[in-house]
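Here is how the chains run, residue by residue.
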Amino acid sequence: MSKNNQPDNSKRKIIIPIVIIALLFVGIGLGMSYFKKSLYTVMKVPDFQLTDQNNKQISNKDMLGKVYLVEFFFSKCPTICPVMNTNMRAIEDEINNKDFGIISISIDPENDTPKTLSEHAKRIGVKSPNWHFLTGNRDYIGKLADEFDIYVGDKENEGEKLNHSGMIALVDQQGNIRCRYNKNNMPILYYSGLNYEDPEGNNPKLNGKYHPDREILIEDIKKLLE
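Residues numbered from 1 in each chain as written. Predicted model: local features only at pLDDT ≥ 70, side-chain atom pairs only at ≥ 80, totals over all residues. Heavy atoms only, no water.

Asker: For this particular structure, what's the right way to read the packing of aromatic side chains?
Answerer: Aromatic ring pairs are described here by two measures, namely the spacing of the ring centres and the angle between the planes. Per the stated rule, a full pass over the model turns up four aromatic pairs. Between Tyr 40 and Tyr 181 the ring centres are 6.0 Å apart and the planes differ by 70°, which places this aromatic pair in the edge-to-face class. Taken together, the residues Tyr 40 in strand E1 (residues 40–44) and Tyr 181 in the loop between strand E8 (176–179) and strand E9 (191–192) connect sequence positions 141 residues apart. Here Tyr 40 falls in the partly exposed class, since its relative accessible area comes to 31%. For Tyr 181, a relative accessible area of 35% corresponds to the partly exposed category. Taking 5.9 Å as the distance between ring centres and 75° as the angle between the ring planes, the aromatic pair formed by Phe 72 and Phe 148 counts as edge-to-face. Here Phe 148 lies in helix H4 (residues 138–148) and Phe 72 lies in strand E4 (residues 67–73), a separation of 76 residues in the sequence. (Phe/Tyr/Trp six-rings, centres within 6.5 Å; stacked < 30°, edge-to-face > 60°. Helix = DSSP H or I, 4+ residues; strand = E, 2+ residues; numbered from the N terminus. Buried < 20%, exposed > 50% of the residue type's maximum accessible area, 1.4 Å probe, protein only.)

Asker: Sorry, what's going on with empty space enclosed by the protein here?
Answerer: The probe, sized like a water molecule, is rolled over the atoms to show the empty space still left. Taken as a whole and judged by the stated rule, the model has one cavity of 30 Å³ or more. Here the largest cavity is characterised by a volume of approximately 40 Å³. Considering the residues around the largest cavity, the lining is formed by Asn 87, Ile 91, Ile 168, Ser 192, Gly 193, Leu 194, His 211, Asp 213, Arg 214 and Leu 217. Elements represented by at least two residues in the lining of the largest cavity include exactly helix H2 (80–95) and helix H5 (212–225). For the lining of the largest cavity, the element with the highest residue contribution is H5, accounting for three residues. (1 Å grid on protein atoms, 1.4 Å probe; cavity = no way out; pocket = protein on both sides within 12 Å on 5 of 7 lines; lining within 4 Å. Points joined across faces, edges and corners; volume = space filled by probe spheres on them.)

Asker: Help me out: how do you make sense of a negative patch on the surface in this one?
Answerer: Where like charges cluster on the molecular surface, the negative patch consists of Asp 47, Asp 146, Glu 147 and Asp 149. Its location among the elements puts Asp 47 in the loop between E1 and strand E2 (49–51). With relative accessibility at 52%, the residue Asp 47 sits in the exposed group. (Patch = residues over 30% accessible without salt bridge, like charges linked within 9 Å, V, L, I, M, F, W, Y side chains within 5 Å. Areas by Shrake-Rupley, 256 points an atom, 1.4 Å probe, with all protein chains shown as cover. Salt bridge = Lys/Arg side-chain N within 4 Å of Asp/Glu carboxyl O. Lys, Arg positive; Asp, Glu negative; His and termini not counted. Charge placed at Lys NZ, Arg CZ, Asp CG, Glu CD.)

Shown next, in the form of structure tokens:
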């Protein structure tokens, strides 16, 4: 009987590891699927069409199939924009994927012409052809910011018109704004492009050495690209 059982035992020794490996792959696949589903869907990205630094019309439809970020900024901003640019450049370098992009919409289109934005892109060392610096009509851009629910100052208010939020929208391949949940299981809605003086991200500081949202953005972008 022992001789007759030897082939069966050999088969079991081969089959069991194969089954375990298969189950592991299934588990990994389900885990990644769960992660994507576990990211909260904020809303569909608002429709937009503006002119980029290469004088090309770029719309939300052009970005379908890509994971991308959306921010509002202006090239002459002396405060938070350079910080946001630095964090975006770090994300660009870390992701380095043809299916990743960035949309930077100027709230100062009178000064931020395509030529100015092209020079700005070169100055900060943009590498990806999918990083579009957009300009256009200021009223249109103000309404677009409202649709995103990202703060941009009223252009009619001299003291407020160049104020803007440091928040960033994460958009998936299907054109949905997505976000993760915080420790209280509430959706964060948008990610911060700022630096902080504490690792928890409670106290923003221009020259702060911590940028927690940059790190979680990189994680979430990579997962959405898988």
